Amino acid sequence: MRIIVHNAKCQGHARCWAQAPDIFKLDDDGYILPGDIQVAEGEQLLASQGARSCPERALEVDRT
Ligand code: F3S
């Protein structure tokens, strides 16, 4: 599973990071770092919860 990061949508709410700081890394201004996130097997639930917590829908879960 991976998280597709839509950086243009990120407004720096940091809810993803609050849910899973080891998965969602922010820059110094509190915006999600660019680039897709590969999620390890055991972290998929946490990662999808974090992605769903984004009010801007900047984090897309890709299970293909
Ligand atoms: Fe950005 Fe959404 Fe996280 S706005 S910092 S991707 S909660």
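Novice: How should I be thinking about the site of the ligand in this particular structure?
Specialist: Near the ligand, the surroundings consist of 13 residues, among which C10, Q11, A14, C16 and C54 are the closest. Taking a 2 Å distance to the grid points as the criterion, the majority of the atoms of the ligand fall inside the largest cavity. Taken together, the residues of the shell around the ligand break down into seven nonpolar, four polar and two charged.

Novice: Could you clarify how one ought to interpret empty space enclosed by the protein in this entry?
Specialist: By rolling a water-sized probe across the atoms, one finds the places where empty space is left. Counted according to the given criterion, the structure contains one cavity of 30 Å³ or more. In this model, the largest cavity occupies a volume close to 100 Å³. Taken together, 14 residues make up the lining of the largest cavity; nearest its centre are C10, H13, A14, C16 and C54. Residue composition of the lining of the largest cavity, by class: nine nonpolar, four polar and one charged.

Novice: Is there a simple way to explain the pairing of strand β1 (residues 2-5) in this structure?
Specialist: Within a regular strand, side chains alternate between the sheet's two faces. As defined by bridge partners, β1 adjoins strand β2 (residues 37-38) across two bridges and the pair is classed as antiparallel. Looking at the pairing, R2 lines up with Q38 of β2.

Novice: What am I meant to see in the sheet that holds β2 here?
Specialist: Backbone-to-backbone hydrogen bonds join strands into a sheet, with any given pair of strands oriented parallel or antiparallel. Across the sheet, which stays open at both edges, the three strands sit in the order β2-β1-β3 with antiparallel pairing between neighbours. Looking at which strands have only one partner, the edges of the open sheet turn out to be β2 and β3 (59-62). As paired strands, β1 and β3 are joined by four bridges and run antiparallel to one another. Residue pairing across strands places V5 opposite L59, the latter belonging to β3. Lying over the sheet, helix α2 (residues 44-52) contacts β1 and β3, oriented at roughly 145 degrees with respect to β3.

Novice: I tried to follow the nonpolar core on my own but got confused; where do I start?
Specialist: Within soluble globular proteins, side chains that are nonpolar generally end up buried alongside one another. I3, F24, I32, I37 and L59 are the most contacted members of the largest nonpolar core, which has 16 residues in total. Only β1 and α2 provide two or more residues apiece to this core. Not counting the four nearest positions on each side in its chain, I37 is found in contact with M1, R2, I3, V5, I23 and F24.

How each quantity is defined
Residues numbered from 1 in each chain as written. Predicted model: local features only at pLDDT ≥ 70, side-chain atom pairs only at ≥ 80, totals over all residues. Heavy atoms only, no water. Near = heavy atom within 4 Å. 1 Å grid on protein atoms, 1.4 Å probe; cavity = no way out; pocket = protein on both sides within 12 Å on 5 of 7 lines; lining within 4 Å. Sits in = over half its atoms within 2 Å of the grid points. Nonpolar A, V, L, I, M, F, W, Y, C, P; charged D, E, K, R; others polar. Points joined across faces, edges and corners; volume = space filled by probe spheres on them. Pairing = 2+ DSSP bridges. Helix = DSSP H or I, 4+ residues; strand = E, 2+ residues; numbered from the N terminus. Contact = heavy atoms within 4.5 Å. Axes fitted to C-alpha atoms, helices over the stretch in contact; angles between N-to-C directions. Core = buried A, V, L, I, M, F, W, Y, C linked by side-chain atoms within 4.5 Å. Buried < 20%, exposed > 50% of the residue type's maximum accessible area, 1.4 Å probe, protein only.

So yeah, pure geometry; function would need other evidence.
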